[in-house]
Amino acid sequence: MRFYGVRIHASSFLALCAGAAVALPALAAQQPAAKPDAATAPAAAQQRQQHVRPIDAGAPLPTRYDMLRGAYGPYRANNDLLYYHLDIRVDPEKQWVSGKNTIRFKMLKDGTRIQIDLRDTLTIDKILFGTIALKYERDTGAVFIDFPETLRMGRVYSIDFYYSGHPEETGRFGGMTFKKDPSGRVWINTACEGTGASMWWPDKDQWKDEGESMDISVAVPNGLTDVSNGRFVGKTDLGDGYTRWDWHVSYGINNYDVSLNIGNYVHFGEEMAEPSGGKLAMDYYVLPEDLDKAKVQFAQARGMIEAYQHYFGEYPFIKDGYKLVEAPYSGMEHQSAVTYGNLFKNGYLGRDWTGVGINTRFDFIIIHESGHEWFGNSITAQDPSDMWIHEGWTTYLETLYVEYRWGHDDALKYLGGLKPKVTNMRPIVAERGVNAEPTQDMYFKGALMINTLRSVVNDDARWWALLHGFYQHFKYQNIMTEDVVAWWNLHTGMNLTPIFDQYLRHEHIPRIELLFGETPGMVMYKWDADEDGFAMPVKVGTAGKWEIIHPTTKWQWMQTALSKEDFQVATDLYYVEVNKQ
């Protein structure tokens, strides 16, 4: 039978209670509302439902486009991407892009076909293999390219993919937008996470395989500047009213990170020392009217990098430098060229993002989007289904920044402000191989889970060493949730799999059930969790006098001098629900 949301057999309940009187409160007063009907939901739950974003409401069925883009199919798996040179011209008046992408790859098995992606709103002008024009088939966003001869395993090949057209404006930030800045000047930007890089340039539009480096060349009308990823190489007047801006990316780069920002930018910069003794170039590009505000606001970037260096080691893209680039949307983690549109104000667009009075001390976009340089850009998920590796970890980095600047108590307060944002409507890890984007819980629930792991480790000196070691082990790699779990199991010597699985692969967080008897001095406890092996230790008692217990999904009991009202669970250290009876 089930008492007040607690699953328990009657015989077990009677056996555990033998020798102790246990008070069973009135059912109506104690019935939890974990899964309420809309008509009976408490006001807080109804309010939370009203703020659910469409992405959280339910997993949509994948389309053919999603399946072709999301699957790491045979014509992707048969080759290893090595290098891109994206060389394009952007015409602001016609809102037109034209040019080519040179794609270099190594065959992993013999074959005559590979898959590259380009949204079917754009035209393929030709695909050249040397001087040979290749045949191809288009299927929604996939382009299947056929070669006239067998490409041999282990050999390196290159194609030139020519294309043109008007990129469709789509997605949260528009994908690629042709706008005007507040003074009426040309302002063109890209931001295509989710929508896919292939909506504006041809590439292997998935996350698993990154090249080793990349060159980006963007020709724009004279008088405009393009700011892209990597190190600035130079600019060339083409003699036809256009100037080409060249950038070199010295590291692998996720395709959605590739960015162009075209406008009337002005530049200023600085340098800072890295722990290795090198110098990190920090460059800032903003509209002229925002220069003075940017010089004040962007001063936070140095302290942000110092904080993340402290926990994880040097900035991961030191050869390419760090840039903040003003954009007409809130912000995006484009590798080595973080885009910024947070109104030059603290908080998120000027408001307190977490509602606990801490977020207004710093610029949310600088701290969060730059945190992705470590998690998302350096460590990258192989599939969007595991994007909590980007967003959960980077949201946790926000709390580390707070702790570095203002201490542990404020970091816990900041984490507490994330809890109302969690919906617990779907698991965090989404369906794999179908381009499925996870629920927004990957941000907030993911960060709260990581903080819970810190409490499970229960040794901060060890925790800091584990964090540093985890990042350094996976730096510049594309990984999955299983890789994360295996590493933490190995290096903690604990079986953390049930904890990870409970938070990531089930809707609900664990709930600790506490049953108090009529006779003072005893409390029974167990976890109500989806994972049968869930046995997370937790601190109980009173603040400052916590006692660690080791509940399982079976009933246990302990002695306590505390009353039901005074007996607490350290819910600021563990993201759990508590049900006292």
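Residues numbered from 1 in each chain as written. Predicted model: local features only at pLDDT ≥ 70, side-chain atom pairs only at ≥ 80, totals over all residues. Heavy atoms only, no water.

### Things to note about the overall build of the protein chain
Going by this rule: Put simply, DSSP marks the helices as runs of H or I at least four residues long and the strands as runs of E at least two long, and each gets a number from the N terminus on. The size measure is the radius of gyration over C-alpha atoms, and the globule rule it meets is 2.2 Å times the number of residues to the 0.38 power. Two residues form a contact once any of their heavy atoms are found within 4.5 Å. Per-residue and other accessible areas were derived by the Shrake-Rupley procedure at a 1.4 Å probe size, with only the shown protein chains allowed to occlude residues. The charged-residue count follows a simple rule in which Lys and Arg add positive charge and Asp and Glu add negative charge, with His and chain termini not counted at all. Charge positions are represented by NZ for Lys, CZ for Arg, CG for Asp and CD for Glu.
Secondary structure assignment for the protein chain yields 15 helices and 31 strands. In summary, the protein chain has a C-alpha radius of gyration of 27 Å against a globular reference of 25 Å for 581 residues, a match within 12%. Expressed as lengths along the three principal axes of its C-alpha atoms, the size of the protein chain is roughly 90 × 55 × 50 Å. For the protein chain, long-range pairs separated by at least 24 residues make up 69% of all intrachain contacts whose partners lie at least 6 apart in sequence. Here the protein chain displays about 23300 Å² of accessible surface, and carbon together with sulfur accounts for 51% of that area. Within the protein chain, one finds 57 positive and 74 negative side-chain charges whose respective centroids are separated by 1 Å.

### Remarks on the environment of Lys109
Here Lys109 is to be found in the loop between strand 4 (96-107) and strand 5 (111-117). Remark: the alpha-carbon pair of Lys109 and Thr560, spanning 451 residues in sequence, is separated by 65 Å. Each residue touching Lys109, except ones within four places of it in the same chain, is listed here: Asn78, Leu151 and Met153.

### Remarks on helix 13 (residues 460-474)
So the rule is basically this: For a helix, the expected span equals 1.5 Å multiplied by the residue count minus one. Buried, partly exposed and exposed residues are distinguished by accessible area as a fraction of the type maximum, computed with a 1.4 Å probe on protein chains only: under 20%, between the cut-offs, and over 50%, respectively. The directions considered for the arc are those from the helix axis to the C-beta atoms.
Along its 15 residues, helix 13 runs 21 Å from first to last C-alpha, staying within 8% of the 21 Å computed at 1.5 Å per residue. Within helix 13 the residues assigned to the buried category are Trp463, Leu466, Leu467, Phe470, Tyr471 and Phe474. Considered in projection along helix 13, the buried side chains sweep an arc of 125° and stay on one side of the axis. Every exposed residue of helix 13 that faces more than 90 degrees away from the buried side is listed here: Ala461 and Ala465. On its buried face, helix 13 is in contact with helix 8 (300-312), helix 10 (388-406), helix 12 (441-457), strand 24 (478-479) and helix 14 (481-492).

### Examining unusual backbone geometry
Residues other than glycine seldom take positive phi values, yet Leu349 does so here, at roughly 55°. Among the structural elements, Leu349 can be located in the loop between strand 22 (338-340) and helix 9 (364-371). Of note in the backbone geometry, Asn435 takes a positive phi value of approximately 60° without being a glycine. Looking at the secondary structure, you find Asn435 in the loop between helix 11 (408-416) and helix 12. Relative accessible area serves as the criterion here: at 15%, Asn435 is assigned to the buried category.

### Thoughts on the packing of helix 10 against helix 13
Going by this rule: With axes taken as lines fitted to C-alpha atoms, and helix axes fitted only over the stretch in contact, angles between N-to-C directions fall between 0 and 180 degrees. Roughly parallel here means an angle under 35 degrees, roughly antiparallel means over 145, roughly perpendicular means 65 to 115, and every remaining angle is called oblique. What makes a crossing left-handed is the near helix being turned counterclockwise from the far one by less than a right angle; a clockwise turn instead makes it right-handed. Only Asp, Glu, Lys and Arg are considered charged in this grouping, and only Ala, Val, Leu, Ile, Met, Phe, Trp, Tyr, Cys and Pro are considered nonpolar; every other residue, Gly among them, is considered polar.
Between helix 10 and helix 13, whose axes approach to 14 Å, the crossing angle comes to 135°. As far as their axial angle goes, helix 13 and helix 10 are oblique. The element helix 10 and its partner helix 13 pack so that their crossing is left-handed. In contact with Trp393, Tyr396, Leu400 and Glu403 of helix 10, helix 13 contributes Trp463, Trp464, Leu467 and Phe470. A per-class count over the contact of helix 10 with helix 13 returns seven nonpolar, no polar and one charged.

### Observations concerning the environment of Asp460
As for its placement among the helices and strands, Asp460 is situated in helix 13. Here the alpha-carbon distance between Asp460 and Tyr242, two residues 218 residues apart in the chain, equals 56 Å.

### Regarding the packing of aromatic side chains
Keep this limit in mind: Only the six-membered ring of Trp is used, alongside the rings of Phe and Tyr, when aromatic pairs are assigned; centres must lie within 6.5 Å, and planes under 30 degrees apart are stacked while those over 60 apart are edge-to-face, with the rest tilted. Charge over a ring is defined by NZ of Lys or CZ of Arg lying within 6 Å of the ring centre and within 35 degrees of the ring normal.
Within the structure shown, the criterion is met by 53 aromatic pairs. Geometrically, the ring pair formed by Phe317 and Tyr476 is tilted, given 6.3 Å between the ring centres and 55° between the ring planes. Of this pair, Phe317 sits in the loop between helix 8 and strand 20 (322-326) while Tyr476 is found in the loop between helix 13 and strand 24, placing the two residues 159 residues apart along the sequence. When the ring centre of Tyr162 is taken as origin, the NZ or CZ atom of Lys126, which lies over that ring, is 4.8 Å away. Arg361 extends its terminal NZ or CZ atom over the ring of Trp406, reaching a point 5.2 Å from the ring centre.

### Comments concerning the confidence of the model for the protein chain
What counts here: Values of pLDDT, the confidence the predictor places in each residue, fall between 0 and 100.
Averaged over every residue, the pLDDT of the protein chain is 91; residues scoring 70 or more account for 90%. Between residues 1-51, whose pLDDT stays under 50, and residues either more than four places distant or in other chains, the model counts 69 contacts.

### Overview of the nonpolar core
Selection criterion: Nonpolar cores were defined as sets of buried Ala, Val, Leu, Ile, Met, Phe, Trp, Tyr and Cys residues, with membership established by side-chain atoms within 4.5 Å.
If you look at the biggest cluster of nonpolar residues, it comprises 159 residues, and the most contacted ones within it are Tyr322, Trp388 and Trp488. Among the elements that line this core, the one with the most residues is helix 12, at 10 residues.

### Regarding the sheet that holds strand 27 (residues 538-541)
To be explicit about the condition: If DSSP finds at least two bridges between two strands, the strands pair.
The three strands are arranged 28-27-30 in an open sheet whose pairing can be described as antiparallel. A strand with exactly one partner marks an edge of an open sheet, and here the two such strands are strand 28 (547-549) and strand 30 (568-569). Pairing analysis gives three bridges linking strand 27 to strand 28, with the strands arranged antiparallel. Opposite Val540, over in strand 28, you have Glu547 as the bridge partner.

### Describing the pairing of strand 17 (residues 260-263)
Here strand 17 shows two buried faces, one formed by Leu260 and Ile262 and the other by Asn261 and Gly263. Across two bridges, the pairing between strand 12 (residues 186-191) and strand 17 is antiparallel. Bridging from a neighbouring strand, Ile188 pairs with Ile262 of strand 17. In this structure, strand 14 (residues 225-228) lies alongside strand 17, joined through four bridges in antiparallel fashion. Bridging across to strand 17, Thr225 finds its partner in Gly263.

### As for the sheet that holds strand 25 (residues 511-516)
Taken in spatial order, the four strands line up as 29-26-25-31 in an open sheet, and their pairing is mixed. Each end of this open sheet is capped by a strand with a single partner; those strands are strand 29 (556-559) and strand 31 (577-580). Between one strand axis and the next, the sheet turns through 25° on average, direction left out of account. As defined by bridge partners, strand 25 adjoins strand 31 across four bridges and the pair is classed as parallel.

### What about the pattern of salt bridges?
What counts, and what does not: Any Lys or Arg side-chain nitrogen found within 4 Å of a carboxyl oxygen on Asp or Glu counts as a salt bridge.
All chains considered together, the criterion is met by 22 salt bridges. The partner of Arg454 in a salt bridge is Glu403, with the nearest N and O atoms 2.9 Å apart. Of this pair, Arg454 sits in helix 12 while Glu403 sits in helix 10; the two residues are 51 residues apart in sequence, bridging distant segments of the chain. Exposure class is identical for Arg454 and Glu403. Each is buried. Shared partners join several salt bridges into a network, and the residues in it are Asp386, Arg432, Glu482, Asp501 and Arg505.

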